[in-house]
Amino acid sequence: MSLPPCPKCQSEFVYEDQSLLICPECAFEWNPQELAEESAIKVKDANGTLLAEGDKVTLAKDLKVKGSSLVLKIGTKAVVRRIVEGKDHQLDCKVDGAGEMMVTAAFVKKS
Ligand SMILES: [Zn+2]
């Protein structure tokens, strides 16, 4: 099992002590689970609602699919499979009738 580097000094000599990870170089101690929650990517839908992986959403506007003549109509249902960091196309969605594609969070509404 490999441990993540220290979030403060990026040291790779981190060791585990029960539920905490400890950095021997800067003496920083942290709980990797809490850190994971804090650093989770926060992405909001058209109404400003936070989205999470597994959420069901509907499209808030018609979306033209890049590189095809396909247009996804407003109200089309989708499931958020993965959230990635970025200015747009943050949602890796499975869209009804269209399959998997990246969708901008501001163009969907949580349903
Ligand atoms: Zn450190």
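Refer to the structure presented above.
A few points on the structure. Computed from a prediction, not measured in an experiment: that's the story for all the values here.

Parameters at a glance
- Residues numbered from 1 in each chain as written.
- Predicted model: local features only at pLDDT ≥ 70, side-chain atom pairs only at ≥ 80, totals over all residues.
- Heavy atoms only, no water.
- Helix = DSSP H or I, 4+ residues; strand = E, 2+ residues; numbered from the N terminus.
- Buried < 20%, exposed > 50% of the residue type's maximum accessible area, 1.4 Å probe, protein only.
- Pairing = 2+ DSSP bridges.
- Core = buried A, V, L, I, M, F, W, Y, C linked by side-chain atoms within 4.5 Å.
- Contact = heavy atoms within 4.5 Å.
- Donors = N, O, S within 2.8 Å, 3.2 Å for Na, K, Ca; no water.
- Tetrahedral: all angles 85-135°; square planar, octahedral: opposite > 155°, others 65-115°.
- Salt bridge = Lys/Arg side-chain N within 4 Å of Asp/Glu carboxyl O.

1. Description of the overall build of the protein
A count of helices and strands for the protein gives 1 helix and 12 strands. Ordered by position in the sequence, the α and β elements of the protein form the string β-β-β-α-β-β-β-β-β-β-β-β-β. In terms of overall dimensions, the protein has a C-alpha envelope of 55 × 25 × 20 Å along the principal axes. Across the 111 residues in the protein, those meeting the buried criterion constitute 30%.

2. Here we look at the pairing of strand E11 (residues 99–103)
Every regular strand shows the same layout, with side chains that alternate between the two sheet faces. Two elements, strand E10 (residues 91–95) and E11, share 5 bridges in a ladder whose sense is antiparallel. Bridging across to E11, Val-95 finds its partner in Gly-99. Connecting E10 to the next strand, E11, in antiparallel fashion are 3 residues, including Gly-97 with a positive phi near 80 degrees.

3. Topic: the nonpolar core
Formed by 17 residues in total, the largest nonpolar core has its most connected members in Leu-51, Leu-72, Leu-91, Cys-93, Val-95, Val-103 and Val-108. Sorting the residues of this core by element identifies strand E6 (56–59), strand E9 (77–83), E10 and E11 as the ones contributing at least two each. Ignoring anything within four residues of it in the chain, the contact list for Leu-91 reads Val-43, Leu-51, Val-80, Arg-82, Ile-83, Met-101, Met-102, Val-103, Ala-105 and Val-108. Counting 5 residues, the second-largest nonpolar core is a separate cluster that includes Cys-6, Leu-21, Cys-23 and Trp-30.

4. Regarding the coordination of the zinc ion
Distances from the zinc ion to its protein donors, Cys-6 (SG), Cys-9 (SG), Cys-23 (SG) and Cys-26 (SG), fall at 2.2 to 2.4 Å. Coordination at the zinc ion comes from 4 donor atoms whose angles at the metal span 105 to 116 degrees, giving a geometry best classed as tetrahedral. Judged by its relative accessible area of 33%, Cys-26 is partly exposed.

5. Structural notes on the pairing of E9
Of the pairings in the sheet, the one linking E6 to E9 comprises 3 bridges and is antiparallel in character. Each residue of the ladder has a partner; that of Lys-56, found in E9, is Val-79. Here E9 runs beside E10; their pairing, made up of 5 bridges, is antiparallel. Across the sheet, residue Arg-82 finds its bridge partner in E10, namely Asp-92.

6. Description of the pattern of salt bridges
Going through the model one piece at a time under the given rule, you end up with 4 salt bridges. Note that Asp-55 is salt-bridged to Lys-110, the shortest N-O span being 3.5 Å. Note that Asp-55 is positioned in the loop between strand E5 (50–51) and E6 and Lys-110 in strand E12 (residues 108–110), a separation of 55 residues in sequence. When its relative accessible area of 13% is taken as the criterion, Asp-55 is described as buried. Residue class for Lys-110 comes out partly exposed when judged on its relative accessible area of 38%. Residues Asp-92 and Arg-82 are paired through a salt bridge, measuring 3.4 Å at the closest nitrogen-oxygen approach. One end of the pair, Asp-92, is in strand E10; the other, Arg-82, is in strand E9, with 10 residues separating them in the sequence. Using a relative accessible area of 11% as the deciding quantity, one classes Asp-92 as buried. By relative accessible area, Arg-82 is classed as partly exposed at 41%.

Function-wise, these values are silent; they only describe arrangement.
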